[in-house]
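Chain by chain, the residues run as shown.
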Amino acid sequence: MTQSRIRAILTVVALTALMWVLEIFDLITGNALDTFGIRPRTFDDVYTIFTAPFLHYGFDHLIANSVPMLVLGSLVAFSGIGRFAGASLIIILVSGIGVWFTSPPGSITLGASGLIFGYFGFLVLRGIIERKTIDIVIMICVVLFYGAMIWGALPGQEGISWQAHLFGFIGGLLSAYLLPRRDQPRPFPATTPGPYAY
């Protein structure tokens, strides 16, 4: 495994570990961090768009999000830490703003599932845009193993924020489209052989 891929995996592991540390702190403080979720159409705490993806309603919620976060997040990070950071920021913004505008009044939305749906969308569209063998293989595997999760972007189960899922997915598509493609290998410039060429 290349050093860049090890670095990518460690970055996503560290991000997931941060979520676990925050949830342990939340438990110790009697769920004090749950107040940092997104409250629709309230301007006083609009900053929670950036805190909500890293907080969860208990360990069952966090456990359900940890494995797809590690798998899909690492696959996105393989394309470069800079692209991973850019994609994550776009997804957080689009998902958070979508939740802020469309969630029911009085609700508080927490969790990394918006990010996860965004990574899913990013990986699917990236395979189509870049048309590289590895990206197409990743896209096919992601669709096969995680394709059923797309139903979570539709209104359904009580207490599940389909808004975060839907707008996270849209954010992932946008990030795959907006972020620059990886550099294509450039051919060496043609040179004229000198007297010492061999």
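Parameters and conventions
- Residue positions within a chain follow its written sequence, with the count starting from 1.
- The predicted origin of the model limits local features to residues at a pLDDT of at least 70 and limits the giving and counting of side-chain atom pairs to 80 or more, whereas totals for whole chains, interfaces and linings rest on all residues.
- Only heavy atoms go into the side-chain values, all of them from the structure, while hydrogens and water stay out.
- Helix axes are fitted to C-alpha atoms over the stretch in contact, other axes to C-alpha atoms as well, and angles between N-to-C directions run from 0 to 180 degrees.
- Working definition: helices are DSSP H or I runs of at least four residues, strands are E runs of at least two. Numbering for both runs from the N terminus.
- Definitions for this section: a left-handed crossing has its near helix turned counterclockwise from the far helix by less than a right angle. A right-handed crossing has that turn clockwise.
- In this description, contact between two residues means that some pair of their heavy atoms is separated by no more than 4.5 Å.
- Note on residue categories: nonpolar means Ala, Val, Leu, Ile, Met, Phe, Trp, Tyr, Cys or Pro, charged means Asp, Glu, Lys or Arg, and polar means any other residue, Gly included.
- Residues are called lining when one of their atoms sits within 4 Å of a cavity or pocket point, these points coming from a 1 Å grid over the protein atoms alone, where a cavity is a set in which a 1.4 Å probe fits but cannot get out and a pocket is an open set with protein on both sides within 12 Å along at least five of seven lines.
- Grid points are joined across faces, edges and corners, and a volume is the space filled by probe spheres set on the points.
- We count a salt bridge whenever a side-chain nitrogen from Lys or Arg sits within 4 Å of a carboxyl oxygen from Asp or Glu.
- A 1.4 Å probe rolled over the protein chains alone gives each residue an accessible area, and that area as a share of the maximum for its type sets the label: buried under 20%, exposed over 50%, partly exposed in between.
- As used in this structure description, the phrase polar contact means that two N or O atoms lie within 3.5 Å; if the pair is within protein, one of them must be able to donate a hydrogen and the other to accept it, and residues adjacent in sequence are counted only when both atoms belong to side chains.

Remarks on the packing of helix α5 (residues 113-130) against helix α6 (residues 133-146)
Packed helices, taken two at a time, are described by their axes: the angle between them and the distance between them.
In step 1: Contact geometry for α5 and α6: axes closest at 8 Å, N-to-C directions at 145°. In terms of crossing hand, the pair formed by α5 and α6 is left-handed. Along the contact surface, α5 presents Phe120, Leu123, Val124, Arg126, Gly127, Ile128 and Glu130, while α6 presents Asp135, Ile136, Ile138, Met139, Val142, Val143 and Tyr146.
In step 2: Partitioning the contact of α5 with α6 into residue classes produces 10 nonpolar, 1 polar and 3 charged.

What about the layout of surface pockets?
In step 1: Considered as a void within the structure, the largest pocket measures approximately 550 Å³ in volume.
In step 2: Along the walls of the largest pocket sit 31 residues, with Thr109, Leu110, Gly159, Ile160 and Ser161 positioned nearest its centre.
In step 3: Elements with a minimum of two residues in the lining of the largest pocket: α3 (59-77), α4 (81-102), α5 and α7 (162-178).
In step 4: With 5 residues, the top contributor of residues to the lining of the largest pocket is α4.
In step 5: Broken down by class, the residue content of the lining of the largest pocket amounts to 16 nonpolar, 15 polar and no charged.

A few points about the pattern of salt bridges
In step 1: By the definition in use, this model includes 3 salt bridges.
In step 2: With its nearest N and O atoms 3.0 Å apart, the salt bridge here joins Asp135 to Arg126.

Concerning the environment of Ser74
In step 1: Positionally, Ser74 belongs in helix α3.
In step 2: Since its relative accessible area comes to 9%, Ser74 is described here as buried.
In step 3: Separated by 14 residues in sequence, Ser74 and Asp60 place their C-alpha atoms 22 Å apart.
In step 4: Look past the residues within four positions of Ser74 in its chain and what remains in contact with it is Ile9, Val12 and Met69.
In step 5: Among the polar contacts listed, one links the side chain of Ser74 to the backbone oxygen of Leu70, at a separation of 2.6 Å.

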